[in-house]
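Spelled out, the chains give:
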Amino acid sequence: MTDDNSTDARIPAWHERRPARLLLALVPLVPVLLMAFLVRWNYQKDPLDVSLFWNDEVVNWHQAKSFSRAGFNSGYYTNDERPAPASFTPFYVHGPWYPMLAGTIARFTGWPISAGVVLNCFLISMALYAFVLTGGLGTAQLALLFGILMTAYPIVFYVTINMQETLQQAMAILLAVCFSYLFAHREQAPLSARVGLTCMLLTASITRMSWAIMLAPFFLLINRKNGRGLLTAVVQTGIATVVVYWIVFETTPPGNHSVFKAAAGFTATPTDALRPFLLQAAANFRLYYSFAGQNALDVNQKVAVTTITLLLLLQLVLSLLRSVRLGRPLAREDYVTAFHVYNLIAVHCASFAFYIIGTWGDYRVIYTHILLSLLLLLLSGRRAIVICFIAISLLNLPSIHANFRSFTAGKYADSSKTPARVYDQVAKVLTYDARATSRWCNTVLMDIGLYDGVVSAIPAGIGTSVIFDTESTSAIHSRYLWITDSTRDRLARRIPQPRLEHLLAMPTGELYLNLDADCRHAPSGNGRP
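Below you will find a few notes about this structure. One numbering rule holds for all chains: residues counted from 1, following each sequence as written. Given that this is a predicted model, residues contribute local features only at a pLDDT of at least 70 and side-chain atom pairs are listed and counted only at 80 or more, while totals for whole chains, interfaces and linings are drawn from all residues. To get the side-chain values, take all heavy atoms of the structure and skip hydrogens and water.

Helix and strand assignments follow DSSP, with helices taken as H or I runs no shorter than four residues and strands as E runs no shorter than two, numbered in order from the N terminus. On the secondary structure map, Glu165 appears in helix α9 (residues 165-185). On the basis of relative accessible area, Glu165 is assigned to the buried category, the value being 4%. Pairing of N or O atoms within 3.5 Å defines a polar contact, subject to two protein rules: one partner must be a possible hydrogen donor and the other a possible acceptor, and residues neighboring in sequence count only if both atoms are side-chain atoms. Side chain to side chain, Glu165 and Arg208 meet in a polar contact 3.0 Å long. Contact between two residues is taken to exist if any of their heavy atoms lie within 4.5 Å; hydrogens are not considered. Not counting residues up to four positions away in its chain, the partners in contact with Glu165 are Tyr158, Arg208 and Arg364. Burial classes follow relative accessibility: with a 1.4 Å probe on protein chains only, a residue under 20% of its type's maximum area counts as buried, one over 50% as exposed, and anything between as partly exposed.

Packed helix pairs are characterised by how far apart their axes lie and by the angle those axes make with each other. The contact between helix α6 (residues 115-135) and α9 brings their axes to 9 Å, and the two run at 10°. Of the possible angle classes, the one that applies to α6 and α9 is roughly parallel. From α6, Asn120, Leu123, Ile124, Ala127, Leu128, Ala130, Phe131 and Thr134 reach across to α9, where they touch Thr166, Leu167, Gln169, Ala170, Ile173, Leu174, Ala176 and Val177. Gly is put with the polar residues, along with every residue not named as nonpolar or charged; the nonpolar set is Ala, Val, Leu, Ile, Met, Phe, Trp, Tyr, Cys and Pro, and the charged set is Asp, Glu, Lys and Arg. Its residues assigned to classes, the contact of α6 with α9 comprises 12 nonpolar, 4 polar and no charged. Where helices are involved, their axes are fitted lines through C-alpha atoms of the stretch in contact, as for all axes, and angles between N-to-C directions lie from 0 to 180°. The labels follow the angle: roughly parallel below 35 degrees, roughly antiparallel above 145, roughly perpendicular from 65 to 115, and oblique for the rest.

Strand order in the open sheet made by the 6 strands is β1-β3-β2-β4-β6-β5, with mixed pairing throughout. Among the strands making up the open sheet, the edge pair consists of β1 (78-79) and β5 (500-505). Between any two strands, at least two bridges found by DSSP are needed for them to pair. Sheet topology places strand β4 (residues 480-483) next to strand β6 (residues 510-514); 4 bridges connect them, and they run antiparallel. Note that in β6 the partner of Tyr480 across the bridge is Leu513. Its contacts with the sheet put helix α20 (residues 420-429) on β4, β5 and β6, and the angle it makes with β5 is roughly 155°.

On to the state of the cysteines. The term disulfide is used for any two cysteine sulfur atoms that are within 2.5 Å. Per the stated rule, a full pass over the model turns up 1 disulfide. Each disulfide pairs two cysteine sulfurs, and for Cys441 the partner residue is Cys519, the sulfurs being separated by 2.2 Å. Judged by the torsion about the S-S bond (-110°), the Cys441/Cys519 disulfide is left-handed. One end of the pair, Cys441, is in the loop between α20 and β2 (443-447); the other, Cys519, is in the segment after β6, with 78 residues separating them in the sequence.

For the rest of this paragraph, the subject is the packing of helix α7 (residues 139-150) against helix α17 (residues 362-379). Where α7 contacts α17, the two axes come as close as 10 Å, and the packing angle between them is 165°. With respect to their mutual orientation, α7 and α17 come out roughly antiparallel. Pair α7 / α17 crosses with right-handed handedness. Between α7, through Gln141, Leu144, Leu145 and Ile148, and α17, the contact on the second element is made entirely by Leu374, Leu375, Leu378 and Leu379. Partitioned by chemical class, the residues of the contact of α7 with α17 number 7 nonpolar, 1 polar and no charged. By convention, the crossing between two helices is left-handed when the near helix turns anticlockwise from the far helix through less than a right angle, and right-handed when the turn is clockwise.

So this is what it looks like as structure tokens:
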């Protein structure tokens, strides 16, 4: 005898059906597989047969390698020899967080040139596996996720780059899981969950300040929907924003962070700073929506995100009008719609105000927020908007091949590889000094124009400070200099005039020893700044 439920009990759950299991296993690997396919197609190479090319990825890679060897006792990574206010960190304007993460891994695994690509593949795949496993996606949702990832060229392209973009995209995926949980539980979420999710969002905001714009909707979600809850959310948002700003400010070297530049201008002369700030934002807005001269991927991405933003905004306006006409409160789904409208508009406004527009750089910030909303829309069953985005993005497919080659050509060209002899020559004249009393004794001051893959030949533990202010007359602190002849002529105007000893002719530029650097040894053997 069997009961009435015996037939249902024999029907496998969605995750036990073979097609769903196959999708579950393969969809999170789509970005990595597509990247590997494009590398093979374009270059007939292994995806790990890669070089360092972009200067941001060079500094990220080298900082991680230095952290793996010297921890926080490496040389400085700065602009114009200006370190961060916090004395514990020697790292560059992106903060110490990525070097700490990648450098800790590198202590156990090593850190070859290809390590960043391997780490990126791991981060994006694991984040996507976490998303599909916690989201309980059905077959149709997995198919839509496949469509999102197949057209997600910012993910596919940046997997090859040794930068923080893949880390931020992985955070967007994990934040989608977190916000999906909050949409379901809101103020009913247990305290432990609220504390954990708060820590995660704060961590994301510290690694990239643009995530701080999500603090307001986050605290609105976890507090009760009344006057006291609203006031609490406002106070929490203000406190969290101040904490994020202070931590990032203290751990960031000055001179190349647009938010701090703007803040400094408003602090000094608010009335004088307002007009150029607004003019810059307006110019960025026009540049962003001026499609002339932009490649097809840029244009298509802007059309797709603008379309879904307008659709969501239209839905929200109609819901507001209906609510007013019927005298009813907004439905829970309307608040979710407001979340997406805020997310997509706020990140664009922040980018227009503070970031670089009209280059690949604008997608460093903007695409992570697009990805966050797309994944949340997918989880909440808003398939029409997701399908609309995918349909527009499919127009990208014919141009992805050419744009991928343009974006990665320098990384897979044989000419970008640093010859082994350069590593050998540099190692003979540059040596990390663990007993130095100052981080400047393990720092190379160098021209920005020389900052390319050859920097990987500098031994781990030796930092790099880039010259931006060529007219400075202050004394030089760095023990080593890697400069061109024209820069050496300009440095001769500094007071006191530096005494330089030639060490090595590099592939580009010359390497010098600064004879005036105050470099002594600490008796303990643990060099401190």
